[in-house]
Structures are given as C-alpha cells and as structure tokens.
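Spelled out, the chains give:
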Amino acid sequence: MLSATILSSLIVIAIAFVLLEKSTLILTTHSLSELLLSSSWHPAQNEFGFYPYIVGTLWVTGLAMAISTVPSLLMSIYLAEYAQARVRSIIKPMVDLLAGIPSVVYGLWALLLIVPLIRNQVAPLLGVTTTGYTVLAGGIVLAVMVTPITISISEEVIRAVPQPIREASMALGATRWQTVKHAVIRSAFPGIIAAIILGFGRAFGETIAVLMVVGNVAKVPASVFDPAYPIPALIANNYGEMMSIPSYESAFMFAALLLLLIVLAFSIVAAVLLVGIKRRYAVG
Amino acid sequence: MILSVIVVLGSLVSVLVVILVRGAPALSVSMLTQSSTGGYYLGGAGGILNAIVGSAYLVCGATGIALVISLPTALYLNEYASRSRLASFARQSLDVLWSVPSIIYGVFGFTIMVYFGIRASLLGGILALAMLELPIMIRAMDEVMRMVPLKLKESSYALGATKLETALNVIVRQALPGVTMGVLLAVGRAIGDAASVLFTAGYTDSIPRSLFDPVASLPLAVFFQLATPFPEVQQRAYASGLILLVIVLSLSVASRILTRRAAAYAIK
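Residues numbered from 1 in each chain as written. Chains lettered and ligands numbered in written order. Predicted model: local features only at pLDDT ≥ 70, side-chain atom pairs only at ≥ 80, totals over all residues.

Draft legend 1. The arrangement of the overall build of chain B in detail. Counting its regular elements, chain B contains 11 helices and 0 strands. Reading chain B from its N terminus to its C terminus gives the helix and strand order α-α-α-α-α-α-α-α-α-α-α. Projected onto the principal axes, the alpha-carbon positions of chain B cover approximately 70 × 55 × 35 Å. Counting over 268 residues, chain B shows a buried share of 47%. The long-range share in chain B, meaning contacts at least 24 apart out of those at least 6 apart in sequence, stands at 76%. (Helix = DSSP H or I, 4+ residues; strand = E, 2+ residues; numbered from the N terminus. Buried ≥ 20, exposed ≤ 12 C-beta atoms within 10 Å, placed from the backbone. Contact = placed C-beta atoms within 7 Å.)

Put into structure tokens, the structure is as follows:
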C-alpha cells in the first residue's frame, strides 16, 4: 500500500524530470529569450521560435475563458442558490454528462456546426472572409469543454458557504440577490477563482478538439477570425518527425515542459485557494 | 441567469443532436462488426471493429493497472497516514496530476517507451491511459473514503479487526458506490482520450494479438477518418463519433445504476 502511494505521488515528478532532461539539449543551444520570443520556426536550420505558438495558445485559451467564465458562474450560482432540488437533480447530471463527452466528439461537433457557422454566418456579418478554422472556433469549443468543470467546482464552493452567513445577511434586510452578491459570493470568492483557474489549466492543455478546428497555421493571429497554432496542437501534429532529429525532439519536449509548468503553476495556485477556503469553513 | 442555463444546456443538446443527425445516416451493422480493410480510409469496405475492440483492450488493461495502484493508495491515504507529510505530498501531487494535459501523458509515455525499446503498442497505450485514469480514480476514492463515518471504523476496531481487515471489509464496502463512480468516470475519460494514445498506442487495421502489437482506438479512428479527403469516409467518421458518444453516454448511465446498486451495501 505504501509502495502504491509512493508510486502514484512520484509520477508527476517523473514526468517533469524526464521532460526537463530531454529539454536540456535545446536549452543549452538556444537562449530562453530566443525560444520564447522569436517567430522563426525552421527546425532544419535549427531555429526554434515558439512565439507564434505561445501567442496562439494564449489567444485561444483567453477567448475560451472570456466566453465561459460568466455563463459558468451564473449557472453555478443558479444551481447552488436558486434552483429547487428537483430542477437541480435534473440539471446537475446534464452538466456532468457535458463533462464526460470525449474531446474528439467535441471537435467533431465544432467541425460540423461551429466552423460552418463562423464561415457562413458570423464572419460575413462583420465583413470578414475566413475559412472558419479560426481562433474563434477553437475558443468556442474550448469554452464549452471548460464550462462543466468550472460550474461543478464553483457550485460546490458556493454551497459550502455556511448557512448562517446567508441568514445574517437576510436578517439585515438584504434581498436574495443582494445576499448572494455581497455575502455568499464574497465568501466563496477564492474558491470561485480557483475554479476558474482550474478551468484555465484544462483549456490550456486540451489538444484534440482544438486541433481539429483552429487551423494550425503558425502565424501570430491578428484577429479572432485568423487561424492559430496552439502548443498542444503543435506537439500532436509533429510527433512523427520529432523522433529523428534530436534537436527537434528536444524542442517538443521543451514545449511539453512549458505546458506542464504552466498547468502546474495554475494547479498549485488553485489548490492554495481551495485549501484556504476549506480551512475557513472547516467543520473539524 | 436563466439565459446562461439555457446556453449551457443548449450546447449540450446541440452536441448530442448534431452528432446524432450527422452520424446516424452513415451508421451500419458492417461498421460495427468488421475490421478495417486495406482500402478503408480511401473509401473501401470494412468497419471499425478494430477500433472498438482496440479501445476495449486498452481501457480494460489501463483500468486494471490503475485499480491495482489506486485502491491501495486511497486506502493508505485515508487509513494509515492520513495526517502525515507523505499523505499531503501525495494528495498535492495527485491533484497536479489531475490537471496535466493528456498529451503530456502521451509524450512522457512515448519517451519511456523509446528508452525501453518498446514500439507503439497496446502496452504503451495501456500505460499512458493508466496514468491518465490514476488521479481521477484516486481522487474519487479519497473523497468517498473520507466520508466513511468514524464510528463505523471504531466499531470495527472495537471488535478486534486489524487495520487491513477494517480497510478491506468495512471501508471499501461503505465506499463502494463512490469507488464505482470514480472507476467508471475514469473509464469514460480514458475511452475518449485521443492525445495520450496518439503516440503510444499507434494505429492499425487489425485487432492486436499480443501486448506488443499496435492497436487502434475509437477516438483515433474518428480523427483519422475525418482527415481523409473522401466524403464517404468522413461520413463514417461522424458515425464513429456517434458510436463513441453512445458508448460514453451508456457508461455514464451504467455508472449511475451500478452506484445505486453498490449503495445497497453501505450503511447510511
């Protein structure tokens, strides 16, 4: 039993270690600023500028969070505070269902619905021509994928706010919404931030669904109607070639390491926030 | 607020409807019962049985390994070392593992496989998926085992049971609904995950006959069929997506039913 625990806790460390070790090749031959800020990606000439990929990842993830945060928050408030038990018992499983749909299926849905929608309806409305394989498509599909996670965590956090806080607020004469806005949300705030951060982390690393709709063009996108090339898509699309050239392989390991570190950072921040909330409302 | 509920639930319905409507026309019995033939991705005959069976093999193997590791870990975390530094370190590291993007499991698994000289195979895919399932299972089991009432455990000790006996007979039985749900949640995630098997499991037209044969998986079947320029094959991709969706949804329903059944052993 002890060995099983040690084994499972060491996996993350093993992953980080292996990725770091494999990245050392490219880190010793290229400066960090060149890797992160240069736009020239020519593996054959030993040039690895990750900038377009980093920016592409940030665009898509940022858009996804911008789209999903408000609806998720509102929905979790509704589920935790306003919904009757019966309504909640129907809606909650539906949200869980949304969380369980495989990412390929999301990608397929986006390919069949969102991409044509953008190409044929949304873009002409704004006077832009586009293939539909855009940052916007990637952002929308990521937003739909991240929403269930954000909803379920923030809903738990909001429900965990002790009842006396709501009662005290209502005793002071506040309306339902005022109670929610000023008392409950304020108490649950760190937890809600943690939920958003965890969703962000998930959006960052999501590969297949985004890959199918985002265009995979290695240029810094100028608008949401341009294609982008997020880092996970970069790794997934080029894995076959990476084996043969050590520096190429090392570049991808570095990209994976970047992903891991960012997700790790988000995860730790979110964990700290959630522990803080649990400690505040600990019931022994 | 109601608007946001409508938008979120609407997108769920939209996903289900779109996949159903576009996938159903191309669905046929031969898709489910035949493996891919040589010209399948160019429009030839055959089906995706290789992918269905391959996914089944992958997930069974991965779940087996993950169960063997996760159940003792969860028991250990809850019974033997609940407050120790090892427990909090383990929980932290598993929390981080939970958020790790699945493509990193693929990259990591691939690197380990190259190091040991294993080619893209069933074994590689099983290892990558086991790593994916592990944090999901442990987290679910941990949550449920924490909620086992202290009095229950104390009664067991008072009757003279050892820690191990208590763990196996009392705690697991009480926590069985949550454990079942955790396992099926992990299985659902693993079946649909493409990024981790992309590098590690390979892809093939046949059903693997040993652990070292490459294996096809459903998500990759959808992905690769979609990538062809032939509309008939793309239609089949939609149908494969529908099959995958149906499998995951039935797993979800099955997990609810099984959880309720397992709750028969738990004391309220």
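Having seen it, we continue.
Draft legend 2. Region of the structure containing the overall build of chain A. Of the regular secondary structure elements, chain A holds 11 helices and 2 strands. Starting at the N terminus and ending at the C terminus, chain A contains elements arranged as α-α-β-β-α-α-α-α-α-α-α-α-α. Once the C-alpha set of chain A is aligned to its principal axes, its extents read approximately 70 × 60 × 35 Å. Looking at chain A residue by residue over its 284 residues, the buried ones come to 50%. For chain A, the proportion of contacts with a sequence separation of at least 24, taken over those separated by at least 6, is 75%.

Draft legend 3. Highlighting the interface of chain B and chain A. Counting from both sides, the interface comprises 58 residues of chain B and, opposite them, 52 residues of chain A. Considering every element that reaches the side of chain B that touches chain A, the biggest residue donor is helix 1 (residues 2–23) of chain B, with 12 residues. Considering only residue class, the side of chain B that touches chain A consists of 42 nonpolar, 13 polar and 3 charged. (Nonpolar A, V, L, I, M, F, W, Y, C, P; charged D, E, K, R; others polar.)

Draft legend 4. Molecular detail of the environment of A227 of chain B. Mapped onto the fold, A227 of chain B is located in the loop between helix 10 (218–226) and helix 11 (231–262). Residues A227 of chain B and A237 of chain B, 10 residues apart in the sequence, show an inter-C-alpha distance of 9.0 Å.

Draft legend 5. Region of the structure containing the nonpolar core. Membership of the largest hydrophobic core comes to 178 residues, with the highest contact counts inside it found for A110, A137, V141, V213 and A256 of chain A. Per element, the largest residue contribution to this core is 17 residues, and it comes from helix 6 (residues 122–146) of chain B. Non-local contacts of A137 of chain A, meaning those with residues more than four positions away in its chain, are made with A110, I114, V115, I118, G132, V213 and V214 of chain A. (Core = buried A, V, L, I, M, F, W, Y, C linked by C-beta atoms within 7 Å.)

Draft legend 6. Fine view of the packing of helix 3 (residues 51–82) of chain A against helix 6 (residues 135–160) of chain A. All names here are of chain A. Helix 6 packs onto helix 3 with a crossing angle of 35° between their chain directions and a minimal axis gap of 6 Å. The hand of the helix 3/helix 6 crossing is right-handed. Considering only residue class, the contact of helix 3 with helix 6 consists of 19 nonpolar, 9 polar and 3 charged. (Axes fitted to C-alpha atoms, helices over the stretch in contact; angles between N-to-C directions. Left-handed = near helix turned anticlockwise from the far one by under 90°.)

Draft legend 7. Up close: the environment of S247 of chain A. All names here are of chain A. Position of S247 among the secondary structure elements: in helix 11 (residues 246–280). S247 sits in the partly exposed class, given 15 other C-beta atoms within 10 Å. Taking the C-alpha atoms as reference points, S247 and T24, 223 residues apart in sequence, are found 9.9 Å from one another. If near-sequence neighbours (up to four positions away) are discounted, S247 is found in contact with L25, I26, T29 and N46.

Draft legend 8. Molecular detail of helix 8 (residues 176–205) of chain A. The terminal C-alpha atoms of helix 8 of chain A, which comprises 30 residues, lie only 38 Å apart, well short of the 44 Å expected from a rise of 1.5 Å per residue. A maximum bend of about 60° is found in helix 8 of chain A at F189 of chain A, where proline P190 of chain A lies one to four positions downstream. (Expected span 1.5 Å × (residues − 1). Bend = angle between axes of the 7 residues up to and from the residue.)

Draft legend 9. Highlighting the packing of helix 6 of chain A against helix 8 of chain A. Residues and elements named next belong to chain A. One can describe the packing of helix 6 onto helix 8 by two numbers: an axis separation of 8 Å at closest approach and a directional angle of 150°. Relative to helix 8, helix 6 is oriented roughly antiparallel. The element helix 6 and its partner helix 8 pack so that their crossing is right-handed. Listed contacts from helix 8 to L142, V146, I149, T150, I153, S154, V157 and I158 of helix 6 are V184, A188, G191, I192, A194, A195, I196, L198, G199, R202 and A203. Tallied by class, residues from the contact of helix 6 with helix 8 come to 14 nonpolar, 4 polar and 1 charged. (Parallel < 35°, antiparallel > 145°, perpendicular 65-115°, else oblique.)

Note that all results are geometric; they support no functional claim without further evidence.
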